[in-house]
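Structure at a glance
Chain residues, written in single-letter form:
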Amino acid sequence: MADQKNPNRKLIAENRRARYDYAIEDDLEAGIILMGSEVKSLRTGQSNIAESYASVENGELWLTNAYIAPYDPAKTWGHEERRRRKLLVKRKELARLWSATAREGMTIVPLSMYFDDKGRVKLKLGIAKGKKLHDKRATEAERDWNRQKGRLLKQGY
């Protein structure tokens, strides 16, 4: 029974561009403070975190520019689509994130947003360093070579 798929666990949004644009050094899970209409909208899968980023400001972690579509039944008391949302992490992790961004020149990028086993919205954050153009080309060349190698092995050469 433990190995059955949990019905609450569901991927909401994924930032696939982040792995192309950044070299991900480390990742961590963070909670997010949302309004009820935002959660209902996320249950329908209408969100985008591709252009968003996280930053440490005044000892708090904030998610900026994440899009959550408006929830039509909650028009009157709905939410702003691209408002800043507070992220919840432990103090130790917050200190580590602050030092990585302030001292080492790293960036905090959201990698994916999902519902966990208990049905809570979680955000997977990556501590990343921006890739230069030649790094992106090298990654793409390596990916192409691995794809080609797989084809050759499949054919039996």
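Everything numeric here is computed off the predicted structure, so don't read it as measured data.

Here we look at the pattern of salt bridges
For the structure shown, the criterion picks out eight salt bridges. Across the pair D27 and K124 runs a salt bridge, and its minimum N-O distance is 3.2 Å. Linking D27 in strand 2 (residues 22-32) with K124 in strand 9 (residues 121-130), this pair joins segments that are 97 residues apart in sequence. The exposure class of D27 is partly exposed, given its relative accessible area of 34%. By relative accessible area, which is 29% here, K124 ends up partly exposed. The shortest N-O distance in the salt bridge between E51 and R82 comes to 3.5 Å. Residue E51 is located in the loop between strand 3 (47-48) and strand 4 (53-57), and its partner R82 is located in the loop between strand 6 (67-68) and strand 7 (85-88); the two are separated by 31 residues in the primary sequence. Given the relative accessible area of 37%, R82 is considered partly exposed.

Comments concerning the pairing of strand 7
The alternating pattern of strand 7 places R85 and L87 on a buried face and K86 and L88 on a face that is not buried. Pairing analysis gives two bridges linking strand 2 to strand 7, with the strands arranged antiparallel. Bridge pairing in strand 7 links G31 to L88. Relative to strand 7, strand 5 (residues 60-64) is paired through three bridges, and the arrangement is antiparallel. Each bridged residue has a counterpart across the sheet, and for L63 the counterpart in strand 7 is R85.

Concerning the nonpolar core
The tendency in soluble globular proteins is for nonpolar side chains to be buried side by side. Counting 26 residues, the largest nonpolar core has L42, L61, L87, M113, V121 and L125 as its most contacted members. For this core, the secondary-structure elements that each account for two or more residues are strand 1 (10-14), strand 2, strand 4, strand 5, helix 3 (91-102), strand 8 (107-115) and strand 9. Once residues within four sequence positions are removed from consideration, L87 is found in contact with A30, G31, I32, A54, L61, W62, L63, L123 and L125.

Digging into the environment of K122
When you line up the elements, K122 lands in strand 9. Between the C-alpha atoms of K122 and T76, which are 46 residues apart in sequence, the distance is 26 Å. When sequence neighbours within four positions are dropped, the list of residues in contact with K122 reads E29, A30, G31, S112, M113, Y114 and D116.

Here we look at the confidence of the model for the chain
Low-confidence regions, as indicated by low pLDDT, have predicted coordinates that should not be scrutinised in detail. Looking at the chain as a whole, the pLDDT averages 83, with 97% of positions reaching at least 70. Taken element by element, the chain is modelled with least confidence in helix 1 (residues 16-21), mean pLDDT 80, and with most confidence in strand 7, mean pLDDT 90.

A look at the pairing of strand 4
Working note: regular strand, side chains alternate between the two faces of the sheet. Looking at chain direction, strand 4 and strand 5 are connected through five bridges and run antiparallel. Bridged to A54 within strand 5 is L63. Once strand 4 ends, the chain turns through two residues before running back antiparallel as strand 5, passing N58 with a positive phi of about 55 degrees.

Some remarks on the side chain of T64
With respect to the secondary-structure elements, T64 resides in strand 5. Ignoring sequence-local partners within four residues, the contact set of T64 consists of S52, Y53, S55 and R84.

Conventions and cut-offs
- Residues numbered from 1 in each chain as written.
- Predicted model: local features only at pLDDT ≥ 70, side-chain atom pairs only at ≥ 80, totals over all residues.
- Heavy atoms only, no water.
- Salt bridge = Lys/Arg side-chain N within 4 Å of Asp/Glu carboxyl O.
- Helix = DSSP H or I, 4+ residues; strand = E, 2+ residues; numbered from the N terminus.
- Buried < 20%, exposed > 50% of the residue type's maximum accessible area, 1.4 Å probe, protein only.
- Pairing = 2+ DSSP bridges.
- Core = buried A, V, L, I, M, F, W, Y, C linked by side-chain atoms within 4.5 Å.
- Contact = heavy atoms within 4.5 Å.
- pLDDT = per-residue confidence, 0-100.

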